[in-house]
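What follows is the residue order along each chain.
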Amino acid sequence: VYHEKVRVELESRWPDDPRAVTSSAFPVWGDEADLLRLIDVQENGSNRFIAPGYHERTRNVVEGGQLLGQAIVAAAKANPGQRVTSAHMTFPKAASFDEPIDLNVDVLRRGHTFSTVAVRSEQGGRLVGPGLILMDSGAPDVIRDAVSMPDVPGPYESEPYDMRVTGRDLRIVEGAYSPDPDRIGPPVLYAWVRFREDPAEPYLRSGLIAQATTHWTIAAAMRPHQGFGEAQAHVTLSTGIMAVTINFHDDAPLDQWFLYANRAIWSGRGLAQGDGTIFSQDGRLMASYSVQAMIRSFSEPPGAKGMDATNAM
């Protein structure tokens, strides 16, 4: 019965596009509403917020983009009247998916025009994500210019990809996001995304955009290298996101297609660096971001520590 309900939901969410019916891994991870619930942190005291745990069925590690999205929402709720324009976060320790995360917000300087906010994300009293966020009251254009959107095939010419989230449609240009270690290509990934519902609050849109920034860099960095692919992540290779910075530019509805353009610009010394831009389908630059990731050999196999791919980094 559960599977049938999910199938019906998938077939009805975008009736104009039969290729939106992509989720075949049951039971699914969850829905757009579950993703929003994780990012939309709730007040838990003065300048304190909490994000719920969630039962992840395959890997009990929180992705860095989710921690970043939560920090963006916490900062916006602690300092209403200004929007997040820039956010930076590092990830010194992995967080478990099935336990709540506490966010402590410190408004370092609340200005009439700009404010600086620190967010400390903790789990079980241990630091998992320190963040620094810049907020702005806004101003009209003095000048306006932006980098051009890359000329790539559109979402309907791209390959559907199943990340098991209903209510989020994902298409990969040329099917380039592949775990196959023998499929090689340039260190670039383009991903089209749209959501079933567009959140009303701007900070929730920013949080959802930030959540997926950490999906692409490791896969893009591995693409040119024969014998390396994401199928090895957490199995024979130790991989993870170590830091991410995002800057927000134009706003656009998330129930319309938008494009992540991600290029891995460097790999070596056990690290990889990715630069990305996010465009609305009509070419507006919504955000830009930078990601530093880890790609290393395990010092000892995960099994020797009583771990496996569900919890090893």
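The structure presented is a predicted model; accordingly, all values stated were derived computationally and were not measured.

Rules used in this analysis
- Residue positions are counted from 1 within each chain, in the order its sequence is given.
- The predicted nature of this model means local features are confined to residues of pLDDT at least 70 and side-chain atom pairs, given and counted, to a pLDDT of 80 or more, with totals for whole chains, interfaces and linings taken over all residues.
- Note: side-chain values were computed over all heavy atoms of the structure, leaving out hydrogens and water.
- Definition used for salt bridges: Asp or Glu carboxyl oxygen within 4 Å of a side-chain nitrogen of Lys or Arg.
- Numbered from the N terminus, helices here are DSSP runs of H or I no shorter than four residues, and strands are runs of E no shorter than two.
- Burial here depends on accessible area, computed with a 1.4 Å probe over protein chains only, as a share of the maximum for the residue type. Under 20% is buried, over 50% is exposed, and the range in between is partly exposed.
- Any two strands are treated as partners once DSSP identifies two or more bridges connecting them.
- The term polar contact refers here to a pair of N or O atoms within 3.5 Å; inside protein, the definition further demands a hydrogen-donor-capable atom paired with an acceptor-capable atom, and it admits residues adjacent in sequence only when both atoms are side-chain atoms.
- In what follows, a contact means two residues having at least one pair of non-hydrogen atoms within 4.5 Å.
- Here the aromatic set is Phe, Tyr and Trp, taking the six-membered ring for Trp, and pairing holds for ring centres within 6.5 Å; pairs whose planes are under 30 degrees apart are stacked, those over 60 apart are edge-to-face, and all others are tilted.
- By construction, the arc corresponds to the directions joining the helix axis to the C-beta atoms.

Undergrad: Got a minute to help me understand the pattern of salt bridges in this structure?
TA: In the structure shown here, the tally under the stated rule is nine salt bridges. Among the salt bridges present, the one from Asp-31 reaches Arg-196, with a minimum N-O distance of 2.7 Å. Of this pair, Asp-31 sits in strand β1 (residues 30-31) while Arg-196 sits in the loop between β11 (188-195) and α4 (202-211), and the two are 165 residues apart along the sequence. Residue classification places Asp-31 among the buried residues on the basis of a relative accessible area of 15%. Across the pair Arg-120 and Glu-122 runs a salt bridge, and its minimum N-O distance is 2.5 Å. What makes Glu-122 buried here is its relative accessible area of 16%. Overlapping salt bridges bring together Asp-141, Arg-144 and Asp-250 as one network.

Undergrad: Looking at this model, I keep getting lost on the pairing of strand β6 (residues 114-123). Mind explaining?
TA: Moving residue by residue along a regular strand, the side chains alternate between the two faces of the sheet. Among the ten residues that make up β6, seven are buried, leaving the element largely enclosed by the rest of the structure. Between β6 and strand β7 (residues 126-136), which pair antiparallel in sequence order, lie two residues; one of them, Gly-124, sits at a positive phi of approximately 60°.

Undergrad: So what exactly am I meant to see when it comes to the side chain of Thr-213 here?
TA: Mapped onto the secondary structure, Thr-213 falls in the loop between α4 and α5 (217-222). A distance of 2.7 Å separates a polar atom in the side chain of Thr-213 from the backbone oxygen of Ala-210. What Thr-213 contacts, discounting residues up to four positions off in sequence, is Leu-68, Val-244, Ile-246, Tyr-260, Ile-278, Tyr-289 and Val-291.

Undergrad: Looking at this structure, how should I read the packing of aromatic side chains?
TA: The relative placement of two aromatic rings is captured by the distance of their centres and the angle of their planes. What the rule picks out here adds up to ten aromatic pairs. Measuring from centroid to centroid gives 5.0 Å for Tyr-161 and Tyr-177, while their planes differ by 80°, and the two rings are edge-to-face. With a gap of 16 residues between them, Tyr-161 in the loop between β8 (159-160) and β9 (165-166) and Tyr-177 in the loop between β10 (168-172) and β11 connect regions that are remote in the sequence. Residue classification places Tyr-161 among the partly exposed positions, given a relative accessible area of 26%. On the accessibility criterion, Tyr-177 (11% relative accessible area) is buried. Among the aromatic residues, those joined into a ring-pair cluster are Tyr-161, Tyr-177, Phe-195, Trp-216, Phe-258, Tyr-260 and Tyr-289.

Undergrad: So what exactly am I meant to see when it comes to the pairing of strand β12 (residues 237-248) here?
TA: Of all the twelve residues making up β12, nine are buried; the element is thus mostly covered by neighbouring parts of the structure. Pairing between strand β4 (residues 83-90) and β12: five bridges, direction antiparallel. Pairing of Met-89 across the sheet is with Val-244, part of β12. Sheet topology places β12 next to strand β15 (residues 285-297); eleven bridges connect them, and they run antiparallel. Following the sheet pairing, Ile-241 is matched in β15 by Ala-293.

Undergrad: Whenever I open this one, helix α2 (residues 32-39) confuses me. Can you help?
TA: Among the residues of α2, Glu-32, Leu-35, Leu-36, Leu-38 and Ile-39 are the ones counted as buried. All buried residues of α2 fall inside an arc of 160° around its axis, so they share one side. Residue Asp-31 occupies the N-cap position of α2, its side-chain oxygen lying 3.0 Å from the main-chain nitrogen of Ala-33.

Undergrad: Help me understand the side chain of Gln-66 in this model?
TA: Looking at the secondary structure, you find Gln-66 in helix α3 (residues 64-78). On the basis of relative accessibility, which here comes to 5%, the residue Gln-66 falls in the buried class. Apart from residues no more than four positions distant in its own chain, Gln-66 is found in contact with Leu-38, Phe-97 and Gln-211.

Undergrad: Would you mind going over α4 with me for this structure?
TA: Each turn of an α-helix holds 3.6 residues, which means side chains three or four residues apart point in the same direction. Counting buried positions over the ten residues of α4 gives eight, a clear majority of the element. Those residues of α4 that sit buried are Leu-204, Arg-205, Ser-206, Gly-207, Leu-208, Ile-209, Ala-210 and Gln-211.

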